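Chains, contacts and geometry: an overview
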Amino acid sequence: MSTNVSLFPSLARLHRATMIWLTSWWRLLQFAALILARGAAPSTYRRDNHRALASHLVLGTAPNLLWFCVLSALISLVIIRIVVVTATSYGLSGYALEMVVRVLVLELIPLTAALFVALRSTLPAGVEFAQRRLAAAAAAPAGSAGAAADPGEALRREFYPRASAGIFAVWLLAAVSCILTLVLAYLIIYGFTPYALPGYTRVVGQIFNPAVALILILKIFFFSLAVGIIPLASSYYDAAANPFAARLRSTHGLSDMVRMFSVVLLIEAASLMGNYY
């Protein structure tokens, strides 16, 4: 009898944790569908929305572009030099360029761009929205829950521009950094000479066959969706309407970070399997 009594609280806690987990993921899928539907709606790009959307795109990308390019250039210089010296010491200098392109351009640069945008833009934005909503709910008088702001208006004016800025920033930072890394790889391996350009373009073209190029594009696409949408999802819904609000309120930022990193790692693992298996 005592065993059954002690087992019941454990099952209740497991059920509660499972429901919290399922609720958070279901709301994430709902929010992703709302963002994608808002992006496909012509009314989103009307003249009165242009200024706010353009402002968020610029503010979410311009401050990060210079710093990320400098950071990626420094990291690329170090890694390219290590790969070239190691390959030369083992008599494999002919494979140095291929290793550099596969390690940096295909794997590290897109992953680093996604994490950089998340840490600099979307995760702080999600925490800011959640704190603002909790402060508004605490300041509102009792029984005034119905006077909350329109969710559709909040999605159009605040959440969709921030999500679009995160998605756009991942694409721009990844594209610029990949091009910069390819230029640095050519300069470090061949030097300031134009005569090695045909051989360089041939090797790079052999690496970027249609399958690899498609996997890279899909990886950056899903990275951008994960970074732009996941940190904002839980702060969109009213915490008072959630039966597990106390738990979600205390772990908001951490749970969003863990959820986003998990999705990013799954996408990276899927791309590795597609490229090398």
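The protein is annotated in an unreviewed UniProt entry as ABC transporter permease of Pseudoduganella umbonata.

1. Considerations on the nonpolar core
Generally speaking, nonpolar side chains in soluble globular proteins are found buried as a group. Core analysis: the biggest nonpolar cluster contains 64 residues, and Phe31 and Phe159 have the highest contact counts within it. For this core, the secondary-structure elements that each account for two or more residues are α1 (2-40), α2 (47-89), α3 (96-139), α4 (151-190), α5 (197-207), α6 (210-236) and α8 (252-276). Examining the composition of this core, we find that 17 residues originate from one element, α3, more than from any other. Not counting residues within four places of it along the chain, the set of residues in contact with phenylalanine 159 comprises Phe31, Ile35, Phe129, Ala154, Leu232, Ser235 and Tyr236.

2. Describing α5
Residues spaced three or four apart along an α-helix point in a common direction, a consequence of the helix completing one turn every 3.6 residues. Here α5 has its buried residues at Tyr200, Val204 and Ile207. Buried positions in α5, seen along its axis, are confined to an arc of 55° and lie on one side of it. For α5, exposure combined with an orientation more than 90 degrees from the buried face picks out Pro198, Arg202 and Gln206.

3. Thoughts on α6
The terminal C-alpha atoms of α6, which comprises 27 residues, lie 38 Å apart, in line with the 39 Å expected from a rise of 1.5 Å per residue. For α6, the principal kink sits at isoleucine 229 and spans about 30°; a proline, proline 231, occurs within the next four residues.

4. Overview of the side chain of serine 164
Locating serine 164 in the fold gives a position in helix α4. Exposure remark for serine 164: the relative accessible area of 13% places this residue in the buried category. Not counting the four nearest positions on each side in its chain, serine 164 is found in contact with Leu53 and Leu57.

5. Let's talk about the environment of glutamine 206
By secondary structure assignment, the location of glutamine 206 is in helix α5. Glutamine 206 gets classed as exposed once you look at its relative accessible area, which sits at 55%. Along the sequence, glutamine 206 and glutamate 98 sit 108 residues apart, while their C-alpha atoms lie 9.3 Å from each other.

What counts as what
- Residues numbered from 1 in each chain as written.
- Predicted model: local features only at pLDDT ≥ 70, side-chain atom pairs only at ≥ 80, totals over all residues.
- Heavy atoms only, no water.
- Core = buried A, V, L, I, M, F, W, Y, C linked by side-chain atoms within 4.5 Å.
- Buried < 20%, exposed > 50% of the residue type's maximum accessible area, 1.4 Å probe, protein only.
- Helix = DSSP H or I, 4+ residues; strand = E, 2+ residues; numbered from the N terminus.
- Contact = heavy atoms within 4.5 Å.
- Arc of directions from axis to C-beta.
- Expected span 1.5 Å × (residues − 1).
- Bend = angle between axes of the 7 residues up to and from the residue.

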